[in-house]
Structures are given as structure tokens and as C-alpha cells.
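What the coordinates show
Residue-level listing of the chains:
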Amino acid sequence: MIRVTLDLSCSICGHEQFYLPINSQEGTNVRCANCSAFKCKTLDLEKALSAIQRTRSIDRPVAA
Ligand SMILES: [Zn+2]
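The text that follows walks through the structure, step by step, so that each part is easy to find.

Calculation notes
- Residues numbered from 1 in each chain as written.
- Predicted model: local features only at pLDDT ≥ 70, side-chain atom pairs only at ≥ 80, totals over all residues.
- Pairing = 2+ DSSP bridges.
- Helix = DSSP H or I, 4+ residues; strand = E, 2+ residues; numbered from the N terminus.
- Axes fitted to C-alpha atoms, helices over the stretch in contact; angles between N-to-C directions.
- Buried ≥ 20, exposed ≤ 12 C-beta atoms within 10 Å, placed from the backbone.
- Contact = placed C-beta atoms within 7 Å.

1. Focus on the sheet that holds strand β4 (residues 38–41)
The antiparallel open sheet is built from four strands, whose spatial order is β1-β2-β3-β4. Only two strands of the sheet have a single partner each, and these edge strands are β1 (2–5) and β4. Each strand of the sheet is rotated relative to its neighbour by a mean of 30°, with strand direction disregarded. Pairing geometry for strand β2 (residues 17–20) and strand β3 (residues 29–32), over two bridges, is antiparallel. When the bridges of β3 are listed, Phe 18 appears paired with Cys 32.

2. Concerning unusual backbone geometry
Even without being glycine, Ser 36 reaches a positive phi, approximately 65°. Residue classification places Ser 36 among the exposed residues on the basis of 12 C-beta atoms within 10 Å.

3. Here's the deal with the pairing of β2
If a strand is regular, its side chains alternate between the two faces of the sheet. Summarising the sheet, β1 and β2 pair through four bridges and their orientation is antiparallel. The partner of Ile 2 across the bridge, within β2, is Leu 20.

4. Overview of the environment of Arg 31
Mapped onto the elements, Arg 31 comes out in strand β3. Note on Arg 31: 18 C-beta atoms within 10 Å, which makes it partly exposed. Considering only alpha carbons, one finds Arg 31 and Cys 10, 21 residues apart in sequence, at a separation of 8.7 Å. Excluding its chain neighbours within four sequence positions, the residues that come into contact with Arg 31 are Phe 18, Tyr 19, Ser 36, Ala 37, Phe 38 and Lys 39.

5. Considerations on the environment of Val 4
Mapping Val 4 onto the fold places it in strand β1. Of the residues examined, Val 4 has 12 C-beta atoms within 10 Å and is grouped as exposed. Sequence separation of Val 4 and Ala 33 is 29 residues, and the distance between their C-alpha atoms is 8.5 Å. In contact with Val 4, not counting residues within four places along its chain, are Gln 17, Phe 18 and Leu 20.

This is the structure:
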């Protein structure tokens, strides 16, 4: 797993760092680096990030 800071915040604790799987043995789950709460799948993450980037110029969401 690699620890990265994303433009997302954990729905449980609000942390913005997440562990991403780096190979198939680690699965596809993105987890909060602080409380380990499940966030999303890596496939969904790309969609989530692109959606955030689209909406940011209009109105930044308070909670992801
Ligand atoms: Zn968390």
C-alpha cells in the first residue's frame, strides 16, 4: 500500500490521507490512513476525483 493525500476527506474522521493498493494482491480498496475506514474502490476513485475537479470551480463540497 502507498499512503497518499487526496482531494477527498474520510467520511468518518475527515482525514485526507489514504492508503492505495499498489498491486492486485492488495485488492482494490482505498482506505483511510488514519482510521482505516473503507473509502472506495480504486476504479471509483478516479471517477470521484474527476467529479470533484469538475465541481470545484463551481462549489467545493463541504464533505466528500
Ligand atoms: Zn478516517
